[in-house]
Amino acid sequence: MRIALLGKGKTGSKVLEFAQNVEVFDSKNVPTYDKLIKHDVIISFLPGEAFEALIPVLLETKKPVVTGSTGFKWPQNFDKTLQEKNVPWIFATNFSLGVVVLKQLIERLHQVDHLFKEKTLSIHEVHHTKKLDAPSGTALSMKEWLQEPCEITSERTGDVVGLHTLTLETPGEILRLEHEAKDRRLFAEGAVWAANYITKNNMKPGLHAFQKVVEGHLSL
């Protein structure tokens with residue numbers, strides 16, 4: 001599997017520890033159609049704005065893409081665009097397999113929230129000072145999985161890899177669901193897993209959420 005890696009920052013550089021036949025694209029090796037077409041799959045951990053600017057050339061290659069880029073909005077009807085191009089992409093706000101389990105717990109919490117007549121829900125996320133987008137993509141995903149009004153607060157400090165806490169508070173008790181990423185390697189490992197999956201399985205064209213792909217693979 002020949003991988004085109006877009007971005008070699010804090011997380012992108014970890015991909016090199018899990019995969020072989022990787023060509024890194026950055027400001028010194030600018031990704032172009034002629035270069036990208038030689039690879040089997042493209043992995044991106046670029047900042048959202050940089051990734052968004054590359055979407056047209058990525059579409060032109062018709063190569064499968066695995067992206068952990070956040071802080072941007074997908075073009076309108078992008079899933080349909082990928083279907084027309086006959087190519088699958090996998091995206092994630094967080095490539096941790098533990099977050100797949102967290103998603104299951106949050107969705108379960110939503111199913112039983114009628115038990116709590118008086119409640120407030122909040123999400124607090126903490127990341128390193130160089131993370132540009134806030135709130136984090138993972139926090140926004142958690143709110144989406146919750147399907148409830150929920151305040152999100154953000155904190156940027158030190159070199160924190162990622163800490164997300166969902167709190168449900170009632171007059172009589174507090175319930176917390178928390179996920180802490182200890183090492184960026186887990187995001188790279190998840191992205192490489194997705195790259196292997198997307199190249200070795202006959203996935204339907206379109207835009208696929210990483211969590212859904214894993215759930216389907218494990219029949220969750």
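**Brief notes about the overall build of the protein chain**
- Scanning the protein chain from terminus to terminus reveals 8 helices and 10 strands.
- By principal-axis analysis of the C-alpha atoms, the protein chain measures approximately 60 × 40 × 30 Å.
- Counting every atom, the protein chain has about 11,800 Å² of accessible surface; 48% of that belongs to carbon and sulfur.
- Across the protein chain, the 27 positively charged side chains and the 27 negatively charged ones have centroids separated by 6 Å.

**Quick look at the nonpolar core**
- Of all hydrophobic cores here, the largest spans 24 residues; its most connected members are Val15, Ile43, Val66, Ile90, Phe95 and Phe210.
- Put simply, the parts of the chain that give this core at least two residues each are β1 (3–6), β3 (41–44), α7 (185–200) and α8 (210–218).
- Residue contributions to this core peak at 7 residues, all from α7.
- Ignoring any residue separated from it by four or fewer positions in sequence, one finds Ile43 in contact with Ile3, Ala4, Leu5, Leu6, Val15, Val66, Ala191, Val192 and Ala195.
- With 18 residues, the next largest nonpolar core counts Leu6, Val57, Val87 and Trp89 among its residues.

**Remarks on the sheet that holds β3**
- Pairing within the open sheet is parallel, and its 6 strands lie in the order β2-β1-β3-β4-β5-β10. Only two strands of the sheet have a single partner each, and these edge strands are β2 (22–25) and β10 (206–209). Across the sheet, the axes of successive neighbouring strands diverge by a mean angle of 20 degrees, strand direction being ignored.
- Where helix α3 (residues 48–61) meets the sheet, its contacts fall on β1, β3, β4 (65–67) and β5 (88–91), and the angle it forms with β5 comes to roughly 155 degrees.
- This element, helix α4 (residues 78–85), spans β5 and β10 of the sheet and lies at about 120 degrees to β10.

**Thoughts on the environment of Asp183**
- Its place among the elements puts Asp183 in the loop between β9 (174–181) and α7.
- Along the backbone, Asp183 and Asp79 are 104 residues apart, and their C-alpha atoms lie at a distance of 31 Å.
- Among the polar contacts listed, one links the side chain of Asp183 to the backbone nitrogen of Arg185, at a separation of 2.8 Å.

**A few points about the sheet that holds strand β7 (residues 151–156)**
- Pairing within the open sheet is mixed, and its 4 strands lie in the order β7-β6-β8-β9. Across the chains shown, the open sheet's two edge strands, defined by having one partner strand only, are β7 and β9. Here the strands of the sheet are splayed against their neighbours by 15 degrees on average, with no regard to which way each runs.
- Sheet analysis places strand β8 (residues 162–169) next to β9, joined by 8 bridges and oriented antiparallel. By the bridge assignment for β9, Glu169 is matched with Ile174.

**Here we look at the side chain of Lys131**
- Tracing the backbone shows Lys131 in the loop between β6 (120–127) and α6 (137–146).
- Of the residues examined, Lys131 reaches a relative accessible area of 17% and is grouped as buried.
- Within polar-contact distance, the side chain of Lys131 engages the side chain of Asp133 at 3.1 Å.
- The residues touching Lys131, leaving out its near neighbours within four places in the chain, are Thr70, Ser136 and Arg156.

Reading guide: rules and limits
Residues numbered from 1 in each chain as written. Predicted model: local features only at pLDDT ≥ 70, side-chain atom pairs only at ≥ 80, totals over all residues. Heavy atoms only, no water. Helix = DSSP H or I, 4+ residues; strand = E, 2+ residues; numbered from the N terminus. Areas by Shrake-Rupley, 256 points an atom, 1.4 Å probe, with all protein chains shown as cover. Lys, Arg positive; Asp, Glu negative; His and termini not counted. Charge placed at Lys NZ, Arg CZ, Asp CG, Glu CD. Core = buried A, V, L, I, M, F, W, Y, C linked by side-chain atoms within 4.5 Å. Buried < 20%, exposed > 50% of the residue type's maximum accessible area, 1.4 Å probe, protein only. Contact = heavy atoms within 4.5 Å. Pairing = 2+ DSSP bridges. Axes fitted to C-alpha atoms, helices over the stretch in contact; angles between N-to-C directions. Polar contact = N/O pair within 3.5 Å; in protein donor to acceptor, adjacent residues only side chain to side chain.

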